[in-house]
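Structural characterization, general
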Amino acid sequence: MAGNITIRAADHLYWLGRYLQRGETMIAESLNAYDYVIDRNFAEGQELFAKLGLSFEYKNAKEFLHLATYGDHTSSISYNFEMARENAIICRDLIDDRGFGFLNQIHNTLQAAKDKDISSYLLEDMLNDTQTTLGIFFSEIYRPEAYHFIKFGQYIERVDLMVRIFDSLEMILLDIEKINMLGHKLSSDFKEVKLTFSDRDRVSILFNSLIKQIIAYES
Amino acid sequence: MVDDQSLEYQKFLEIFRTIDLGKASQLKEFLNTFGVNFNLFKDGDFIERPFPFDIVPRIIPKSEFDHLERGLKQRMEALNRFLNDIYTDQKIVKEGIVPAEFVASAKAFLPNFMGFVPSKGVRSHISGIDLVKNSKTDEWVILEDNLRVPSGASYPLSIRKAFRRTYPEFFESMTIAKVKQYPSYLEEMMNYVNCGGINVVLTPGRFNSAFYEHSYLAKETGAKLVTNEDLIVVDDILYLKRYDGAKVRVGAVYRRLDDDFLDPQFFEPTSLIGVPGIINAYLKKNVAIINAVGNGVADDKGIYYFVPKMIRYYLGEEPILSNAPTYLPYFEEDRKYILDHLHELVIKDVAEAGGYGVLFGSRLSREELASIRNLIIAEPRRFIAQELIEFYDIDCMMEDGLSPRKSDLRAYVIYGEDIRVWSGGLTRYALEAGNYLVNSSQGGGFKDTWVAGE
């Protein structure tokens, strides 16, 4: 294989994909819930947090948005972009400069707005930038292995989030096809995922362990 | 005094007066967006920060740079020969040119490597030579040779790309030497000394102050960026651990960590960033290490004094570039001079680097002068003293317009199949007026360096 990607770099690329996807979803879902909370439907925001295993109280819509963005929890927008950026910094020699630049800019914007009321328009902009970042990584004609790892991480995270937030197996069927395709590209020994409804309770565990088929962590 | 008399600088100023300075913010934005950082550790905290940048480049007329290039090639040829000699026959010591005590007491001299000649006999693959231009003599003077892990080339390389796009008018109207060949110089050098296998850049990790540079150079040279956990030595051969469990042979390591931390089995046993066994692979000539292990003896501040003598000894030539006038307390005559003129000399601790351990006699109190006097008498090998050179200031764009600042130039020399001087360089400047310390680790900023003219 021409890429010669190390175990460490492969792991960081995979997690870059996961955190980017989680960050994107958290912005979209937080903005969605924000609209409900403005109408004093506080339960909508609390339900979103509950699906992520969190429990928060807030007094108004602005406070909800601040908690979703900067709250001290691993589903916060800020946390996910910080982690995406950390992973990107470590393997930035393997990724597109413009993609890194967009991601870094999202992080810089989040840091600069930390002590202010977060604007939903700013979050909309970040959502666009996140999608641009992902688009840059995947739109290149030359697609080296590095991007397959990012994409693999992104699809694993999509599956995980769809099961947690939407509790739907149907929604992930297309993603499974992509995961199997990428798995084969990255490892000739990759065993295809075939999901049945009886797997519903162990979907997260199943998908979260797939990367171990590709990266030889123990070697 | 500002070095502003050259036609090239005048041409620059002519254009500079017409440009939209508001667009300079795009360059700062570029540095922020792309995380072009030179990070600092302050009071135990890791501070991520862009390397302060000034838009006014240092401009060196081509004819002046040609002279520098000849002098730097000559100096690196001599220093490489010195290293090969000092680790083999030590003729220069036996013939009394360099005192044996100076070599033996140099902290970075590694007697365990006596007799070892690295791949292709090249030791100083990448050198960063620090120079200033003396305003009294109008000549470039060498302040320091860095033959271990000189950093900084990536910053002017990165900003040049953005600057050209922001202010193309300079490049359309002036003849400015290209700099983008630096990574290919590095790659060709790595391939030349490679002992079989791929090239890697070994970084201490993400929290190193120059991590940006490590990843940049890996990307631009096509080498893999690795940390110690990505490498393994089996039967004295170095391998990269690929994600699928395969091991890929490594033939050249551009290491960005000091000798002391390179191999816990050989050097500092507590090193968490080294690769166990890499030195054995190196000694068996199964891998090239860039720069060679033990190079520090040649850029020791005490050995610096002898470089002009080395040039005469090895090459039979007069040095093209001068050292700053330097005195060694080790020699009785010099010691007497130093002690009599402490208040006007610059005293340097040979064990320190990065602007640390530098004392300006004129700024010391009576008590401090007495203290340093006693230290010099007690440990003469530990210090050197230099005349304070009144080097040129350079224009910097400050809030109130162009303002002079002290600055130096780090020139880069790549030694592979042949010796190449990069037609650019890192110009560092002091942020505060009157400060002579320009080092990045002292909070100094950087400028691009343009070699201009036909």
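Please read these numbers as outputs of a predicted model, since none were measured by experiment.

**Notes on the pairing of strand 8 (residues 231–234) of chain B**
All names here are of chain B. Only one face of strand 8 is covered, namely the one carrying Leu231 and Val233; the face carrying Ile232 and Val234 has none of its residues buried. In this structure, strand 8 lies alongside strand 9 (residues 237–241), joined through four bridges in antiparallel fashion. Each residue of the ladder has a partner; that of Leu231, found in strand 9, is Leu240.

**A look at the packing of aromatic side chains**
Residue and element names in this part refer to chain B. A full pass over the atoms with the stated rule returns 51 aromatic pairs over all chains. Aromatic side chains Phe38 and Phe51 sit 5.3 Å apart centroid to centroid with 35 degrees between the ring planes, which places their arrangement in the tilted category. One end of the pair, Phe38, is in the loop between helix 2 (24–33) and strand 1 (40–42); the other, Phe51, is in the loop between strand 2 (45–47) and strand 3 (58–61), and 13 residues separate them in sequence. Its relative accessible area of 1% is what places Phe51 among the buried residues.

**Some remarks on the interface of chain A and chain B**
Contact residues are listed per partner, giving 31 residues for chain A and 26 residues for chain B. Carbon and sulfur atoms supply 49% of the area buried between chain A and chain B, which totals about 2,400 Å² over both sides. For Glu86(A), the salt bridge identified is with Arg206(B), shortest N-O distance 2.6 Å. Counting every contact that joins chain A to chain B gives 18 residue pairs in polar contact (both at pLDDT 80 or more). Here the side of chain A that touches chain B takes seven residues from helix 5 (residues 97–112) of chain A, the largest share from any one element. For the side of chain A that touches chain B, the class distribution of residues is 14 nonpolar, eight polar and nine charged.

**Comments concerning the environment of Asp160(A)**
Residue and element names in this part refer to chain A. In this structure, Asp160 sits in helix 7 (residues 145–166). Through-space distance from the C-alpha of Asp160 to that of Ile172 is 9.1 Å; in sequence the pair is twelve residues apart. With sequence-adjacent residues up to four places away left out, Asp160 is seen in contact with Arg18, Ser204 and Asn208.

**Examining the pattern of salt bridges**
Here the structure, examined in full by the defined rule, presents 39 salt bridges over all chains. A salt bridge links Asp97(A) to Lys219(B); its shortest N-O distance comes to 3.1 Å. Placement of the pair is Asp97(A) in helix 5 and Lys219(B) in helix 9 (residues 211–221), with the two residues belonging to separate chains. For Asp97(A), a relative accessible area of 30% puts it in the partly exposed group. Here Lys219(B) falls in the partly exposed class, since its relative accessible area comes to 29%.

**Quick look at the nonpolar core**
In terms of nonpolar packing, the biggest core is built from 212 residues, with Phe152(A), Phe207(A), Phe12(B), Phe170(B), Tyr182(B) and Met310(B) touching the most fellow members. The element that contributes the greatest number of residues to this core is helix 1 (residues 7–38) of chain A, accounting for 14 residues. In contact with Phe170(B), not counting residues within four places along its chain, are Phe12(B), Ile15(B), Phe16(B), Ile19(B), Phe163(B), Ile176(B) and Trp450(B). Core analysis: the second largest hydrophobic core is formed by twelve residues, Leu345(B), Leu364(B), Leu369(B) and Ile376(B) among them.

**Notes on a positive patch on the surface**
A surface patch of positive charge is lined by Lys161(B), Arg164(B), Arg165(B), Lys178(B) and Lys180(B). Checked against the element boundaries, Arg165(B) lands in helix 6 (residues 154–166).

**With respect to the domain arrangement of chain B**
Residues and elements named next belong to chain B. What the domain assignment lists for chain B is domain 1 (7–177 + 303–317 + 391–452), domain 2 (196–286) and domain 3 (325–387). On a C-alpha basis, the centroid separation for the pair domain 1 and domain 3 is 25 Å. Counting residues at the interface gives 16 residues for domain 1, matched by 15 residues for domain 3. Buried surface at the junction of domain 1 and domain 3, both sides included, amounts to about 1,400 Å², of which 57% is carbon and sulfur. Scanning the region where domain 1 abuts domain 3 turns up zero salt bridges. At the boundary of domain 1 and domain 3, one finds three residue pairs in polar contact (both at pLDDT 80 or more). Residues that form the side of domain 1 that touches domain 3 fall into these classes: nine nonpolar, five polar and two charged.

The rules we used
- Residues numbered from 1 in each chain as written.
- Chains lettered and ligands numbered in written order.
- Predicted model: local features only at pLDDT ≥ 70, side-chain atom pairs only at ≥ 80, totals over all residues.
- Heavy atoms only, no water.
- Buried < 20%, exposed > 50% of the residue type's maximum accessible area, 1.4 Å probe, protein only.
- Helix = DSSP H or I, 4+ residues; strand = E, 2+ residues; numbered from the N terminus.
- Pairing = 2+ DSSP bridges.
- Phe/Tyr/Trp six-rings, centres within 6.5 Å; stacked < 30°, edge-to-face > 60°.
- Contact = heavy atoms within 4.5 Å.
- Buried area = accessible area lost by both parts, 1.4 Å probe.
- Salt bridge = Lys/Arg side-chain N within 4 Å of Asp/Glu carboxyl O.
- Polar contact = N/O pair within 3.5 Å; in protein donor to acceptor, adjacent residues only side chain to side chain.
- Nonpolar A, V, L, I, M, F, W, Y, C, P; charged D, E, K, R; others polar.
- Core = buried A, V, L, I, M, F, W, Y, C linked by side-chain atoms within 4.5 Å.
- Patch = residues over 30% accessible without salt bridge, like charges linked within 9 Å, V, L, I, M, F, W, Y side chains within 5 Å.
- Areas by Shrake-Rupley, 256 points an atom, 1.4 Å probe, with all protein chains shown as cover.
- Lys, Arg positive; Asp, Glu negative; His and termini not counted.
- Charge placed at Lys NZ, Arg CZ, Asp CG, Glu CD.
- Domains from an automatic or database assignment.

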